[in-house]
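Structural features, examined
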Amino acid sequence: MKIKDLIKNDAGFQYIIDSMDLMSAAGRNAMLNGTFCSDGATLEAEWDRLDEAIRATNDIPNRRYYIDLRHCLMCLHDLGGTFSSLANHMPLNEVELFEIKSLCALSRSASSAIEGLGLSPTLPLPDCSQPFAILDPDRTGIANFYIYDSYDPELPALRRKLNALQTSGGDPVRISELLARQNEIQNSVCIRLSDELRPWTDTLVKTMEQMAYADFLLARAELAIRWNLVRPALGSATSYRALFNPRVRQRNEELHLRYQPVDIALNDGVCLITGANMAGKTVLLKSIGTAQMMAQCGMYVPAEEATVRLVEGVATSIGDDQDEMNGLSSYASEIIKISHILEACRNSNLLVLIDEPARTTNPVEGKALVQAIIKILEHQPSITLITTHYGQLGTACRRLRVKGFVEDMENIPLTPQSINRFIDYSLTEDQSDNVPHEALRIASILQCDTEMIALAQESLK
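Figured I'd write up the structure that's included with this text. Bear in mind the structure is a predicted one, so any value in this text is a computation, not a measurement. (Residues numbered from 1 in each chain as written. Predicted model: local features only at pLDDT ≥ 70, side-chain atom pairs only at ≥ 80, totals over all residues. Heavy atoms only, no water.)

1. Remarks on the packing of helix H2 (residues 11-18) against helix H12 (residues 246-254)
For the record, the criterion: Throughout, an axis means a line fitted to C-alpha atoms (over the contacting stretch in the case of helices), and angles, computed between N-to-C directions, take values from 0 to 180 degrees. Secondary structure elements are taken from DSSP: a helix is a run of H or I of four residues or more, a strand is a run of E of two residues or more, and numbering for both begins at the N terminus. What sets the label is the angle itself: under 35 degrees gives roughly parallel, over 145 gives roughly antiparallel, 65 to 115 gives roughly perpendicular, and the rest give oblique. Any two residues having at least one pair of non-hydrogen atoms within 4.5 Å are treated as being in contact. For this classification, Asp, Glu, Lys and Arg are treated as charged, while Ala, Val, Leu, Ile, Met, Phe, Trp, Tyr, Cys and Pro are nonpolar and the rest, including Gly, are polar.
Axis separation between H2 and H12 bottoms out at 9 Å; the angle between their running directions is 75 degrees. When the axes of H2 and H12 are compared, the pair comes out roughly perpendicular. When H2 is examined against H12, the residues Ala11, Gly12, Tyr15 and Ile16 are found in contact with a partner set consisting of Pro246, Arg247 and Gln250. Within the contact of H2 with H12, the residues separate by chemical class into four nonpolar, two polar and one charged.

2. A word on the sheet that holds strand E8 (residues 383-387)
Stated formally: In this scheme, strands are said to pair when DSSP sees at least two bridges between them.
Taken together, the six strands give an open sheet; going across it, the order is E6-E7-E8-E4-E9-E10, and neighbouring strands pair in mixed fashion. Lying at the two open borders of the sheet, with one neighbouring strand each, are strand E6 (313-316) and strand E10 (423-429). Adjacent strand axes in the sheet meet at a mean angle of 15 degrees, parallel and antiparallel pairs treated alike. With five bridges connecting them, strand E7 (residues 350-355) and E8 associate as parallel partners. Bridge assignment links Leu353 to a residue of E8, and that residue is Leu385. Seen against the sheet, helix H13 (residues 281-296) touches strand E4 (269-274), E6, E7, E8, strand E9 (398-405) and E10 and runs at an angle of roughly 160 degrees to E7. Strands E4, E7 and E8 of the sheet are contacted by helix H16 (residues 363-377), whose axis makes an angle of about 165 degrees with E8.

3. Let's talk about the sheet that holds strand E3 (residues 262-266)
Within a sheet, neighbouring strands are paired by backbone hydrogen bonds and run either parallel or antiparallel to one another. Read across the sheet, four strands follow the order E1-E5-E2-E3 without closing on themselves; strand pairing throughout is mixed. If you trace the sheet from one side to the other, it starts and ends with strand E1 (233-234) and E3, each paired once. Judged from the two bridges that link them, E1 and strand E5 (residues 305-308) form a sheet pairing that is parallel. Within E5, the residue paired with Leu234 across the bridge is Val308. Where H13 meets the sheet, its contacts fall on strand E2 (238-243), E3 and E5, and the angle it forms with E2 comes to roughly 115 degrees.

This is how it looks when you write it as C-alpha cells:
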C-alpha cells in the first residue's frame, strides 16, 4: 500500500505528511508513492539513509552545501510527461529540451552539494554530462537552451538575413518565407535532438527520481530533528517509551496545556484497554497506528524509544464520518469496518485497532459482540488493541487500564474547563474483569443536572 492510500482515512498520518517540508512537486510525488514496507532489511537500509541525512542536516560547518542542495531541489520540476514522450518516440519541443538541460544542470549542482555533505554513497546521482553536452553544442555550461546556430549550417546566414529584413522593415512576404524556413530547420533539429537523447531516457528518469527521493529523505530528516523522533528497532513485539501524538502535542503546546506521553508494550493476541471517558483511549489507538505507519514508511517515530514488530498493514475501526454522510448509521458504519477487519485478519498479520466496538447498540447485544470479536481475534497472529466500556466479558486476554482522574494532580480548582488537566494517561496492568465506573463522577464535575445524577446514583445501589 502506498502513502497516498494510507492518508485517505487517517487524519493523524495525514498531519505527519503535511508537516514535512518538501521543496518540489516531484518530491511530493515521491513521498505519496512511498510504500508501507514489511521487509526488515529494506527498512533498516532506509533508516540508515535517514541517519545519514540527519547527520548532514545537522552538519553546521558544511551548512552551505545543505542550503545549495535544498535550492536545487526547489528548482526541480516533474518531467514525467516529457520522459514519456521521449520514450514513445515523440519529438520534444524547445521548452521540453530546455527542461531536460535544466535537469542535467541541476543534477550537476546537486551532486556537488551532496559530495560536500558526504552523502554521495547515500544519494548517488547518475552522470548527465552526455545529455547535457547534446543540448550544449557551444559548450556554454549554462542551463539556458535554444536552437543554437551550430545545430545547422544554414541557420547563421538565414537568421542574419531575417534579422536585417525585420530591422529595416523589408518585404513581408520575404520575411514570412524566411520564418517558415527557420521553423522548418528548428523542427528538424528538435527531432534530431530527441533521437539523440532517447538512449539517455533511463538515465534522465533515474536522475529526476533520485533527486525527488532526496527531497523526501531530507524532509523526513528535518521532521525527525524538529520533533525529536527516534529510530525504531525491529523486534518480535512492539513497545514504546514516551509515545506521543504529534498533532495533539502541538495543539496542547499552543494552548499552554500539559501533554503526557505514554509507555506501552504489545504482543500477539488481544489487549483490552479500559478507562473513563475523556481518558484518551481513542488518542492512544490513533497514536499507535500513526507510529506504526511512520515506521513502516521509512520514517522515525514519535517516542523516546521504540521497538516495532513488522505487520502487513494497519486495520482500524477509527474513521471519519464519511459512511454516515453516505447514509449509513454509526452502528452500521462501525460494524461493517469491524467485519472487514476480522476477514482481513484471517489472511494477514496486522496491527488491529478497534475503538469501543458496538458502543452505539444496546448493552446486551453490544457485550455479546465484543466477546465474539475477542474470541475471533485472540487466535490470530495479529496484534490487537480494543478499547471498551464493557466489563465482565469472561475473557482471559490481557487488560490495560488508563489510570484516569487524579484529583491532586494539579494545584488548581477542578472545573469543567480544567478537568482534562487532572487526567493521568499512564497505563497499568489490570487483572480484573471490570471497567472503571466514573461516568457519574464526570457528570458531577461537569456540573450536570443534580437530580439526574442523584437518581442515577440511587439506581446503582
